[in-house]
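Residue strings, one per chain:
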Amino acid sequence: MAPTLSTAQFGDPAQVTEFVVNKGNGVKGLSETGIKALPDQYIQPFEERLINKFVNETDEAIPVIDMSNPDESRVAEAICDAAEKWGFFQVINHGVPLEVLDNVKAATHRFFNLPVEEKSKFTKENSLSTNVRFGTSFSPRAEKALEWKDYLSLFFVSEAEATQFWPDVCRNEALEYMNKSKKMVRKLLEYLGKNLNVKELDETKESLFMGSIRVNLNYYPICPNPDLTVGVGRHSDVSALTILLQDQIGGLHVRSLASGNWVHVPPVPGSFVINIGDAMQIMSNGRYKSVEHRVLANGSNNRISVPIFVNPKPESVIGPLPEVTANGEEPIYRNVVYSDYVRYFFKKAHDGKKTVDFAKI
Ligand SMILES: COc1cc(/C=C/C(=O)SCCNC(=O)CCNC(=O)[C@H](O)C(C)(C)COP(=O)(O)OP(=O)(O)OC[C@H]2O[C@@H](n3cnc4c(N)ncnc43)[C@H](O)[C@@H]2OP(=O)(O)O)ccc1O
Ligand SMILES: O=C(O)CCC(=O)C(=O)O
Ligand SMILES: [Fe+2]
């Protein structure tokens with residue numbers, strides 16, 4: 001049965017917050033009440049709305065790279081070039097079975113379709129593990145305007161921990177998705193590393209580039225006034241690399257480094273969207289770019305996406321790699337403990353590219 005909220009309550013911000021954030025109905029629950037107007041706390045300031053005139057629908061597009069090209073050096077070159085010029089690209093023929101992608105998408109719908117009592121078992125207040133968190137928006141306590149998105153965030157510690165604490169309806173599919181993507185992730189990191197003079201992904205580099213993994217299941221329900229709000233506000237990821245699976249709805253936009261325009265990332269069936277995160281920007285001393293991106297809200301379709309955030313270990317100290325600065329290049333970032341960096345990111349609202357200033361010299 002659809003959750004209820006009376007007409008009078010729609011107009012009261014405190015009641016909406018209670019229903020969406022505290023009671024765990026999320027924006028999916030709000031959407032399913034049949035709400036006709038966007039509650040005030042979701043109205044973004046004018047400059048944060050993605051209005052059509054800022055969106056380049058014509059000539060700019062992020063590269064789509066075929067990983068099955070037998071000329072591996074061409075694949076590596078295309079990936080490194082995209083990481084430097086766009087910070088974003090899509091990959092096709094990546095070797096991850098399409099069935100695995102379909103299964104995790106179905107599992108995402110299964111989780112969000114659970115009754116609120118079931119999903120609420122995974123809110124920060126109720127979850128039996130700090131590594132499993134069901135929530136809404138990004139950081140509701142820190143945000144002036146909320147985002148039209150619910151999420152389940154799963155930080156991987158071990159198969160045993162996942163078996164114990166991840167929700168039954170999506171655990172196996174999320175684990176399989178993560179495990180089956182690892183080979184592709186290693187390949188991407190090997191290509192990116194070689195271009196930085198990192199000869200091999202040994203234990204130290206593996207721990208820096210892919211020492212911890214977080215899988216998020218994102219749900220963007222139908223929004224009554226999509227032009228006034230956002231699904232996700234402008235941000236760069238704090239990961240080393242993000243692997244994103246999106247469905248066929250669309251809405252992800254990336255800021256072009258060349259023009260400053262917002263460029264749509266069109267859904268390509270069977271593809272992954274890959275982006276460089278802040279940790280890789282820092283370790284590459286700014287050679288690879290973690291680029292601002294955001295997601296539009298949608299007035300007619302529910303949308304899901306499933307990012308895998310590939311990160312340093314929380315306790316790792318990250319800074320420009322010695323391989324990068326060996327030639328005398330001046331470091332532009334200081335060394336920071338990765339968990340301090342991530343904590344700084346999570347404690348404020350999304351603010352574009354500002355997180356990386358935390359590590360600037
Ligand atoms: C959710 O919407 C998002 C998410 C993103 C994410 C982009 C990424 O790049 S995620 C990759 C981040 N890297 C890692 O998770 C690996 C390293 N992890 C760690 O170092 C730690 O787990 C930690 C994240 C630092 C948390 O440590 P700890 O201080 O022990 O834990 P907490 O007290 O639970 O958290 C502190 C504070 O952080 C917020 N928070 C924690 N986890 C999440 C989460 N999964 N999603 C959202 N917020 C989270 C939370 O506000 C906590 O404060 P409280 O006030 O709630 O106590 C990009 C865009 C999105 O829209
Ligand atoms: O849903 C998307 O397309 C992107 C989501 C995103 O940027 C994130 O979760 O960090
Ligand atoms: Fe992101």
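The following refers to the structure shown. Everything quoted here is computed from the prediction, not taken from an experiment.

## Section: the site of ligand 2
Then, in step 1: Looking at ligand 2, the residues that line it are N218, Y220, H235, D237, L244, L252, H293, V295, R303, S305, P307 and F309.
Then, in step 2: For ligand 2, an oxygen atom lies 3.1 Å from a polar atom in the side chain of H235.
Then, in step 3: Contact distances for ligand 2 include 2.7 Å between an oxygen atom and a side-chain N or O atom of S305.
Then, in step 4: Protein burial of ligand 2: of its 300 Å² of free accessible surface, 94% is covered by the chains.

## Some words on the pairing of strand β13 (residues 303-311)
Two faces make up the sheet, and in a regular strand the side chains alternate between them.
Then, in step 1: Taken across its nine residues, β13 has nine buried, putting it largely inside the fold.
Then, in step 2: Here β13 shows a buried face lined by R303, S305, P307, F309 and N311 and a second buried face lined by I304, V306, I308 and V310.
Then, in step 3: Where strand β8 (residues 241-246) and β13 come together, six bridges link them in antiparallel fashion. Across the sheet, Q246 pairs through a bridge with S305, a residue of β13.

## Re the pattern of salt bridges
Then, in step 1: Summed over all chains, the structure comprises 19 salt bridges.
Then, in step 2: Across the pair R255 and E292 runs a salt bridge whose closest N-O atoms are separated by 3.2 Å. Here E292 lies in the loop between α10 (278-283) and β12 (293-295) and R255 lies in strand β9 (residues 252-255), a separation of 37 residues in the sequence.
Then, in step 3: With a relative accessible area of 26%, R255 lands in the partly exposed category.
Then, in step 4: When the shortest N-O distance is used, the salt bridge between D278 and K353 registers 3.9 Å. Residue D278 is found in helix α10, and its partner K353 is found in the segment after α12 (338-346); the two are separated by 75 residues along the sequence.
Then, in step 5: For K353, a relative accessible area of 26% gives the class partly exposed.
Then, in step 6: Connected through shared salt-bridge partners, E72, R186, K187, E190 and E206 make up one network.

## Section: the coordination of the iron ion (ligand 3)
Then, in step 1: Every protein donor of the iron ion (ligand 3) is accounted for by H235 (NE2), D237 (OD) and H293 (NE2), and the metal-donor separations fall at 2.1 to 2.2 Å.
Then, in step 2: Between the donor residues of the iron ion (ligand 3), the gaps in sequence give the motif H-x1-D-x55-H. With H235 in strand β7 (residues 232-235) and H293 in strand β12, the pair connects residues that are 58 residues apart, well separated along the chain. Like H293, H235 is buried.

## Quick word on the nonpolar core
Then, in step 1: Among the nonpolar cores identified, the biggest contains 75 residues, and L152, Y177, I243 and F272 are the most heavily contacted of them.
Then, in step 2: It is helix α8 (residues 168-194) that provides the largest number of residues to this core, a total of 11 residues.
Then, in step 3: With sequence-adjacent residues up to four places away left out, F272 is seen in contact with F89, Q90, V91, H94, V96, L101, Y177, S181, M184, I243, L244 and L245.
Then, in step 4: Of all hydrophobic cores here, the second largest spans 13 residues; its members include Y220, V232, V265 and V291.

## Overview of the site of ligand 1
Then, in step 1: Near ligand 1 there are 26 residues, and of these K124, K149, S153, R214 and R343 occur at the shortest range.
Then, in step 2: A distance of 3.2 Å is found between an oxygen atom of ligand 1 and a side-chain nitrogen or oxygen belonging to R133.
Then, in step 3: Within the side chain of Y151, an N or O atom sits 3.4 Å from a nitrogen atom of ligand 1.
Then, in step 4: Protein burial of ligand 1: of its 1100 Å² of free accessible surface, 81% is covered by the chains.
Then, in step 5: Those elements giving two or more residues to the shell around ligand 1 turn out to be β5 (150-155), β6 (212-220), β7, β13 and α12.
Then, in step 6: Looking at the shell around ligand 1 element by element, the count peaks at six residues for α12.
Then, in step 7: Here the shell around ligand 1 is built from residues that sort into 11 nonpolar, eight polar and seven charged.

Rules used in this analysis
- Position labels on residues start from 1 in each chain and follow its written sequence.
- Chain A is the first chain written and ligand 1 is the first ligand written, with later ones labelled in order.
- Side-chain atom pairs in this predicted model are given and counted only at pLDDT of 80 or more, local residue features only at pLDDT of at least 70, and totals for whole chains, interfaces and linings cover all residues.
- Excluded from the side-chain calculation are hydrogens and water; included are all heavy atoms of the structure.
- Proximity is defined per residue: if any heavy atom of the residue lies within 4 Å of a molecule or strand, that residue is considered near it.
- Here a polar contact is recorded for every N or O atom pair within 3.5 Å, except that within protein the pair must consist of a potential hydrogen donor and a potential acceptor, and residues adjacent in sequence are included only if both atoms are side-chain atoms.
- Each accessible area is a Shrake-Rupley estimate made with a 1.4 Å probe; only the visible protein chains count as cover when residues are assessed.
- Categorising residues by exposure relies on relative accessible area from a 1.4 Å probe, with only protein chains included: less than 20% of the type maximum marks a residue as buried, more than 50% marks it as exposed, and the intermediate range marks it as partly exposed.
- Runs of E in the DSSP output that reach at least two residues are strands. Runs of H or I that reach at least four are helices, and both are numbered from the N terminus.
- Strands are treated as partners if at least two bridges between them are detected by DSSP.
- We define a salt bridge as a side-chain nitrogen of Lys or Arg found within 4 Å of a carboxyl oxygen belonging to Asp or Glu.
- Counted as donors are the N, O and S atoms within 2.8 Å of the metal, or 3.2 Å for Na, K and Ca, while water is not among the atoms, so some sites may look incomplete.
- Nonpolar cores are built from buried Ala, Val, Leu, Ile, Met, Phe, Trp, Tyr and Cys residues. Side-chain atoms within 4.5 Å join them into one set.
- Whether two residues are in contact is decided by their heavy atoms, any of which lying within 4.5 Å being enough.
- For this classification, the nonpolar set comprises Ala, Val, Leu, Ile, Met, Phe, Trp, Tyr, Cys and Pro, the charged set comprises Asp, Glu, Lys and Arg, and every other residue, Gly included, is treated as polar.

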